[in-house]
Amino acid sequence: MTSTPFGAAIFGCDGLRLSLDERAFFADANPFGFILFDRNLDNADQIRALTSDLRAAVGWNAPIFIDQEGGRVQRLRAPLATDWLPPLDHVEMFGPNAEEGMRLRYRVIAHELMALGIDANCAPMLDVARPETHRFLRNRCYGSHLDQVVKIGRAVVDGHDQGGVFPVIKHIPGHGLAQMDSHLDLPRIDVPADMLDCIDFAAFRPFSDVAMGMTAHLVYKAFGETGPATTSASMIRRIRDDLGFTGLLMTDDIGMQALSGTVPERGAASMAAGCDVILHCNGDLAQRIALMDRIGAMPEPSQARAEAALARRTSPDDVDIDALKAKLAELEQGRGA
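Every chain's residues receive numbers from 1 upward, in the order its sequence appears when written. Reporting of local features is limited, given that this is a predicted model, to residues whose pLDDT is at least 70; pairs of side-chain atoms are given and counted only at 80 or more, and all residues count toward the totals for whole chains, interfaces and linings. Side-chain figures throughout are based on the complete set of non-hydrogen atoms in the structure, without hydrogens or water.

### Regarding the pattern of salt bridges
Any Lys or Arg side-chain nitrogen found within 4 Å of a carboxyl oxygen on Asp or Glu counts as a salt bridge. Applying the stated criterion across every chain yields a total of 22 salt bridges. The closest approach of N and O atoms between Glu69 and Arg140, which form a salt bridge, is 2.8 Å. Here the residue Glu69 occupies a position in strand S4 (residues 68-70), and Arg140 occupies one in the loop between helix H5 (135-138) and helix H6 (146-162), the gap between them amounting to 71 residues. Partly exposed describes any residue whose relative accessible area lies between the buried limit of under 20% and the exposed limit of over 50%, with all areas from a 1.4 Å probe on protein chains only and scaled to the type maximum. Looking at Glu69, the relative accessible area reads 2%, which means it is buried. Between Arg240 and Asp276 there is a salt bridge, with its nearest N and O atoms 2.7 Å apart. Of this pair, Arg240 sits in helix H8 (residues 233-241) while Asp276 is found in the loop between helix H9 (263-273) and strand S12 (278-280), placing the two residues 36 residues apart along the sequence. Summarising the burial analysis for this pair, Arg240 and Asp276 share the class buried. Three or more residues joined by partner-sharing salt bridges are found here, namely Asp67, Glu69, Arg75, Arg140 and Lys170. Here a strand is any run of E in DSSP of at least two residues, a helix any run of H or I of at least four, and the numbering for each starts at the N terminus.

What follows is the structure, given as structure tokens:
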């Protein structure tokens, strides 16, 4: 781990290899981590070289994130990785074996990520689905009942942990009631506070032990016009004090249009609200530089949470992946438990 304070960002990069300018910027900024997208993924050797170069640029074993939920949100596909059903469809296929099936699914995902030098995945998604949940989100959920979401969410955490990959719980404090796509618009959730407290927020309370979490770009009108949770100091306090989340809190992608202002302004507002690290997925190098100029290094409490999160890094357990895949196939066919 570096002795230099972490830059308060997780950055994407432009392409399949780093440019000299990107290397220099990352060396100077020392971001907490990196995140990969389709533009960064060609073949296994190239991905391993890129993840190695990203870590070499900062001079330490920085976490490298990806969105590998399965279904529509899956950056790695065959032949690089298994093609998965959307999570909700897979849960329904597993039936009463859903917890074990989803644990095995994400243990296999962790194995495939680690083989490419990727050690953090933006999952589990603990949003509780409703019939009216926007289609961009609904089949990414694990269920429409609190108990089911919590049990399967824990299985997904376990699968990641057993495979040596950091899980990231999302979208705190709950995105399931959104009827808009926050990539494009700002959803406003207009239900009573007690409903949020006993369903949506309640899904996150059992996960206060997880090292990293991601915010939701939503307004919860029951608590006043505070602005999106990501940039709302009162909502971040609720995440910390009411939900009990003490881990590293990253924003959802700062480039999403649910947020207003320029990207640097959005980043500064999120840091002022109490987020620990800004997730910047897209945009060019000039935008990354402008964002870094506004947010700078992590403040001491965030640095402490970042160091505590990294100290939770584990090595994969010793398992027969082919045997796990065979067991997974049995569960899909309704055999065994």
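### Focus: the packing of helix H1 (residues 20-29) against helix H10 (residues 285-295)
Closest axis-to-axis distance for the H1/H10 pair is 11 Å, and the angle between their directions is 15°. With respect to H10, the axis of H1 lies roughly parallel. Of the two possible hands of crossing, H1 and H10 adopt the one that is left-handed. Along the contact surface, H1 presents Asp21, Glu22, Phe25 and Ala29, while H10 presents Leu285, Arg288, Ile289 and Met292. Throughout, the ten residues Ala, Val, Leu, Ile, Met, Phe, Trp, Tyr, Cys and Pro are labelled nonpolar, Asp, Glu, Lys and Arg are labelled charged, and all others, Gly among them, are labelled polar. Residue composition of the contact of H1 with H10, grouped by class: five nonpolar, no polar and three charged. To obtain each axis, a line is fitted to C-alpha atoms, and for helices this fit is confined to the stretch in contact; angles are then taken between N-to-C directions over 0 to 180 degrees. Note on angle classes: values under 35 degrees are labelled roughly parallel, values over 145 roughly antiparallel, values of 65 to 115 roughly perpendicular, and the remainder oblique. Throughout, a crossing is termed right-handed when the near helix is turned clockwise from the far one, and left-handed when it is turned anticlockwise from it by less than a right angle. Contact between two residues is taken to exist if any of their heavy atoms lie within 4.5 Å; hydrogens are not considered.

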